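A closer look at the structure
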Amino acid sequence: MARWLRLAVVIHPGIREQFHTLTRHPAFQELVRRLSVEQSGRSQLAGLTPTAKALYLSLLWQALEQPLLVVTESPRTAENLHALLETFHQLLQAGRGAPPPLLVPALDTLPGQNLSPHSELKAGRAVALYRMAGGQFSIAVAPVTSALLRTGDAAACRRLALTVRINDDISMEDLAGHLESIGYERREPVEMEGEYSIRGGIFDVFPAEAHKPVRIEFFGDTVESLRRFDADTQRSALRVEDITLLPLGETPRTRELLSALAERLGRDDIVPGEVFGGWEFALPLLEPKQGSLEELARDAVVVWDEPESLKLAADRLWNRLEQLAPQAACPPDQLFFHWGEFAARHPQRREIELRELGLEGAGLHEAHQPLEIASHPAMVFHNNMKAAAEEARGL
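Here is a short report on the structure shown in this document. (Residues numbered from 1 in each chain as written. Predicted model: local features only at pLDDT ≥ 70, side-chain atom pairs only at ≥ 80, totals over all residues. Heavy atoms only, no water.)

**Let's talk about helix H4 (residues 50–64)**
The α-helix winds at 3.6 residues per turn, so residues separated by three or four positions along the chain end up facing the same way. Threshold: Under the scheme used here, helices are H or I runs from DSSP no shorter than 4 residues and strands are E runs no shorter than 2 residues, and both carry numbers assigned from the N terminus. What a helix should span is 1.5 Å times the count of its residues minus one. Burial classes: relative accessible area under 20% of the type maximum marks a residue as buried, over 50% as exposed, and values in between as partly exposed (1.4 Å probe, protein chains only).
Here H4 contains 15 residues, and its C-alpha end-to-end distance of 21 Å stays within 8% of the 21 Å for a straight helix at 1.5 Å per residue. Judged by how many residues are buried, H4 sits mostly within the fold: 12 of 15 residues are covered. Looking at H4, one finds that the buried residues are Ala52, Lys53, Ala54, Leu55, Tyr56, Leu57, Ser58, Leu59, Leu60, Trp61, Gln62 and Leu64. Downstream of H4 by one or two residues, Glu65 has phi in the positive range, about 50°.

Take a look at the structure:
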């Protein structure tokens, strides 16, 4: 974050103002008007390159100050869009306390493969769900495979994280048990995110998304002090009043849960109470999930990035799920929504169809005529800010 704040200092106010002049485009003003006064309805906005999409989405959030949920075709398009949104967030919102954009990553394995997703993806998704459930985001970006994956309800997602404050009463055993349930591992000494250690009355933990680990000193079962420290030198540094321990998984993992799954599956290769490959995809056998990203986002404007591509991507996902279904622990529809089911789940939503190219004859049967903002691919500026400002005028 500090790196971005330093970058924001050198941005000339005139350049930032140049970006804001884009909000005067009639199509953008009409889009803002519709979303501000109407409780539901679909708008179409065409003509935007990937960079221009990110810029106008950032400007749209600034105009509405309401969350946006953007669904993209693939993990790569989601990652690229999120990176652009982060850049424009820093350019337009630095120092104003605005919540940052979120990436809700797709998992890299599917039910029936007997493989657990990569730990970084699980952690990224768990933190994103927690932040969405708490309203701590401006724009959430999710590829189709992530958007269609069912979630727990908002209360369950919020319970994943734990905030520890000075003078709180909590036993070290309970704290360790909670951390292990949300994906942390005990290791001496702590060196990486997701690790904790216990030495006497000292509890060290490296929270997810933290720059430094935290040393918690206990007096009995009472938190006496909280200090950040250097993982290399082990020297304590900044004293803090509280810390939030973010989750590394979206479902609490306990020995009791794993034992119950092993019993339900009845497989000889599973040790009761131990983690096994793909256990996350067997959870609906015990704890069905019916929530969705859209419900966690709570009244967000839903943005369909290239809608035709989204439908094709969802079809590809479901073709693969059906191929793997015979080997899966439970039917795929207990884990994923079908595309039509997800799209029709909230018919009264406010939504935007975002396209780079307009469709011939689009809008003939829609309540609103399509909108268009012409743009062209961005240039490479090589730190030439004058050229960047000139380019912004043409977006």
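That was the structure; now back to the text.
**So, the sheet that holds strand S15 (residues 371–372)**
For clarity, the cut-off: Only strands that DSSP links by at least two bridges are regarded as paired with each other. It only takes one pair of heavy atoms within 4.5 Å for two residues to be counted as in contact. Fitted lines through C-alpha atoms give the axes, limited to the stretch in contact for helices. The angle between two N-to-C directions lies from 0 to 180 degrees.
Reading across from one edge, S3-S4-S2-S13-S14-S1-S15 is the order of the 7 strands in this open sheet, with parallel pairing throughout. Of all strands in the sheet, those with a lone pairing partner are strand S3 (102–103) and S15, marking the two edges. For strand S1 (residues 41–46) and S15, the ladder comprises 2 bridges, and the chain directions are parallel. Following the sheet pairing, Ala46 is matched in S15 by Glu372. Against the sheet, H4 touches strand S2 (68–72), strand S4 (139–143), strand S13 (301–305) and strand S14 (350–354), its axis set at about 160° to S2.

**Focus on empty space enclosed by the protein**
Heads up, the condition is: Here a cavity denotes a set of grid points, spaced 1 Å apart and computed over the protein atoms alone, in which a 1.4 Å probe fits but from which it cannot get out, and a pocket denotes an open set meeting protein on both sides within 12 Å along at least five of seven lines; residues with an atom within 4 Å of a point are reported as lining. Grid points are joined across faces, edges and corners, and a volume is the space filled by probe spheres set on the points. Basically, the charged four are Asp, Glu, Lys and Arg, the nonpolar ten are Ala, Val, Leu, Ile, Met, Phe, Trp, Tyr, Cys and Pro, and anything else, Gly included, counts as polar.
Enumeration according to the criterion identifies 3 cavities of 30 Å³ or more in this entry. Estimated volume of the largest cavity: approximately 70 Å³. Along its surface, the largest cavity is lined by Ser58, Trp61, Leu85, His89, Leu92, Gln93, Pro101, Ser138 and Ile139. Looking at the lining of the largest cavity, the elements with two or more residues in it are H4 and helix H5 (75–93). When residues in the lining of the largest cavity are grouped by element, the largest group, 4 residues, is from H5. Here the lining of the largest cavity is built from residues that sort into 5 nonpolar, 4 polar and no charged. In this structure, the second largest cavity encloses a volume near 50 Å³. Around the second largest cavity, the lining residues are Phe28, Leu31, Leu45, Leu48, Lys53, Tyr56, Leu57, Leu60, Ile352 and Leu354. When residues of the lining of the second largest cavity are traced back to their parent elements, those giving at least two are helix H3 (26–37), H4 and S14.

**Some words on the sheet that holds strand S10 (residues 222–229)**
The strand order across the open sheet formed by 6 strands is S6-S7-S8-S9-S10-S11, and the pairing between neighbours is mixed. Two strands close off the open sheet at either side, each with one partner strand: strand S6 (185–186) and strand S11 (236–239). Where strand S8 (residues 202–205) lies against strand S9 (residues 214–219), 4 bridges are found, and the strand directions are antiparallel. Residue pairing across strands places Val205 opposite Val214, the latter belonging to S9. Strands in contact with helix H9 (residues 172–181) are S6, strand S7 (195–199), S8 and S9; relative to S8, the strand with the most contacts, it is inclined by about 15°.

**A look at the side chain of Arg355**
Residue placement: Arg355 occurs in the loop between S14 and S15. Aside from chain neighbours lying at most four places away, what touches Arg355 is Gln44, Leu45, Ala46, Gly47, Leu48, Lys53, Glu306, Pro307 and Glu308.

**Considerations on the pairing of S14**
Among the 5 residues in S14, 5 count as buried, and that is most of the element. Where burial is concerned, the two faces of S14 agree: the one with Arg350, Ile352 and Leu354 and the one with Glu351 and Glu353 are both buried. Both S1 and S14 contribute to a ladder of 5 bridges, which runs parallel. Bridged to Gly41 within S14 is Arg350. In this sheet, S14 lies alongside S13 in parallel orientation, the contact comprising 4 bridges. What sits directly across from Val302, in S14, is Glu351.

**A short note on H9**
When we look at burial in H9, the residues that qualify are Met172, Leu175, Ala176, Leu179 and Ser181. Structurally, H9 contributes buried residues whose contacts are with strand S5 (162–165), S7, S8, S9 and strand S12 (242–245). Just downstream of H9 lies Gly183, where phi reads positive at about 105°.

**Describing unusual backbone geometry**
For the bond running from Glu188 to Pro189, omega is -5°, close enough to zero to count as cis. In this structure, Pro189 sits in the loop between S6 and S7. Of note, Glu209 is a non-glycine position whose phi angle comes to about 65°, a positive value. Tracing the backbone through its elements, the reader meets Glu209 in the loop between S8 and S9.

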